[in-house]
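Breakdown of the fold
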Amino acid sequence: MSKFNLNNSYKAVVIGGSAGSFQGVVKILSQLPKGFPLPIIMCLHRLKHVRNGFVEALSIKSVVQVTEPHDKENIKKGNVYLAPANYHMSVELGLYFALSTEEMVNNSRPAIDITLGTSAFVYKDKLIGILLSGANKDGALGMKNIHDRGGLTIVQEPSECMIDTMPRAALAATKIDHVLKVDQIVEFLKELDKQYR
């Protein structure tokens, strides 16, 4: 029995993060079980003019290769996707990505709210949303969308965050199922993995 009361009905994991989240993401990806069954969709705030190095840095540490999807690329199980620099990344009903260069949201492009919110619309109660360290409120509305559509919500323990504005904004905006340190998020994903074996 999972201590997180998990089952194998989930279809995707979506992760948002900003300032201070990089090390947490690296730890999560480096300790992900091999053959993790779900797609992991990540939207991280990053410098829009620096296109190289970020994905490579994550891929070096990750158990699974990290890719930036193309517009209309299909979402596949077991892959890790990262929103490209300077593009909003939406999840569409046919289980594919849509990229756009529309106006910034929350002073950000990519905006975490867009990726989380569209993921919630598509995956409904089959989605797990994770929000990490960050310096603005981007992601709070997205986490509310996930909760409102029956998904599972997790934020990084604010006291562990380099900058706790983002998780605190989510905690103020909606019901959060689990408040976890990064090591506990890793444990959660390992428990989740076991449900599919």
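Refer to the preceding data block for the structure.
Note that this is a predicted model, so its numbers are computed, not measured.

Description of the pairing of strand 7 (residues 127–131)
Of all 5 residues in strand 7, 5 are buried, a share of seventy percent or more. Judged by which residues are buried, strand 7 turns out to be covered on both faces: Leu127, Gly129 and Leu131 on one side and Ile128 and Ile130 on the other are all buried. Here strand 1 (residues 12–17) runs beside strand 7; their pairing, made up of 5 bridges, is parallel. Its bridge partner being in strand 7, Val13 is matched across the sheet by Ile128. For strand 7 and strand 8 (residues 152–156), the ladder comprises 4 bridges, and the chain directions are parallel. Note that in strand 8 the partner of Gly129 across the bridge is Thr153.

Let's talk about the packing of helix 4 (residues 140–148) against helix 5 (residues 165–173)
Where helix 4 contacts helix 5, the two axes come as close as 8 Å, and the packing angle between them is 40°. By the angle between their axes, helix 4 is oblique relative to helix 5. As helix 4 packs across helix 5, the resulting crossing turns out to be right-handed. Contacts from Ala140, Met143 and Lys144 in helix 4 reach Ala169, Ala170 and Ala173 in helix 5. For the contact of helix 4 with helix 5, a count of residues per class yields 5 nonpolar, no polar and 1 charged.

Points about the pattern of salt bridges
On inspection of all chains with the given rule, the structure shows 7 salt bridges. The salt bridge involving Arg46 is made with Glu68; its shortest N-O contact spans 2.8 Å. A residue pair is termed long-range when its members are at least 10 positions apart, and Arg46 in the loop between strand 2 (40–44) and helix 2 (54–61) and Glu68 in the loop between strand 3 (66–67) and strand 4 (80–82) qualify at 22 residues. Taking the relative accessible area as the measure of exposure, Arg46 reaches 12% and is therefore buried. Taking the relative accessible area as the measure of exposure, Glu68 reaches 29% and is therefore partly exposed. Note that Lys72 and Asp71 form a salt bridge whose closest N and O atoms lie 3.2 Å from each other.

Some remarks on the sheet that holds strand 1
The pairing of strands in a sheet happens through backbone hydrogen bonds and is either parallel or antiparallel. Taken together, the 7 strands give an open sheet; going across it, the order is 3-4-2-1-7-8-9, and neighbouring strands pair in parallel fashion. Edge positions in the sheet fall to strand 3 and strand 9 (178–180), since each of these pairs with one other strand and no more. As defined by bridge partners, strand 1 adjoins strand 2 across 5 bridges and the pair is classed as parallel. Within strand 2, the residue paired with Gly16 across the bridge is Cys43.

Rules and cut-offs
Throughout this description, residue numbers start from 1 for each chain and increase along the sequence as written. Two thresholds apply to this predicted model, a pLDDT of at least 70 for residue-level local features and 80 or more for giving and counting side-chain atom pairs, whereas whole-chain, interface and lining totals are computed over all residues. To get the side-chain values, take all heavy atoms of the structure and skip hydrogens and water. Only protein chains enter the calculation, and the probe is 1.4 Å; a residue is then buried if its accessible area is under 20% of its type maximum, exposed if over 50%, and partly exposed in between. Put simply, DSSP H or I for four residues or longer makes a helix, DSSP E for two residues or longer makes a strand, and each gets a number counted from the N terminus. Note on pairing: two strands pair once DSSP finds at least 2 bridges between them. A fitted line through C-alpha atoms serves as each axis, taken over the contacting stretch for helices, and the angle formed by two N-to-C directions is quoted from 0 to 180°. Should an angle lie under 35 degrees it is considered roughly parallel, over 145 roughly antiparallel, and from 65 to 115 roughly perpendicular; all remaining angles are considered oblique. Crossing handedness: left-handed means the near helix sits turned counterclockwise from the far one by under a right angle, and right-handed means the same turn made clockwise. Contacts between residues were defined by any pair of non-hydrogen atoms, one from each residue, lying within 4.5 Å. Ten residue types, Ala, Val, Leu, Ile, Met, Phe, Trp, Tyr, Cys and Pro, are classed as nonpolar, four, Asp, Glu, Lys and Arg, as charged, and the remainder, Gly among them, as polar. In the sections that follow, a salt bridge refers to a side-chain nitrogen of Lys or Arg positioned within 4 Å of a carboxyl oxygen of Asp or Glu.

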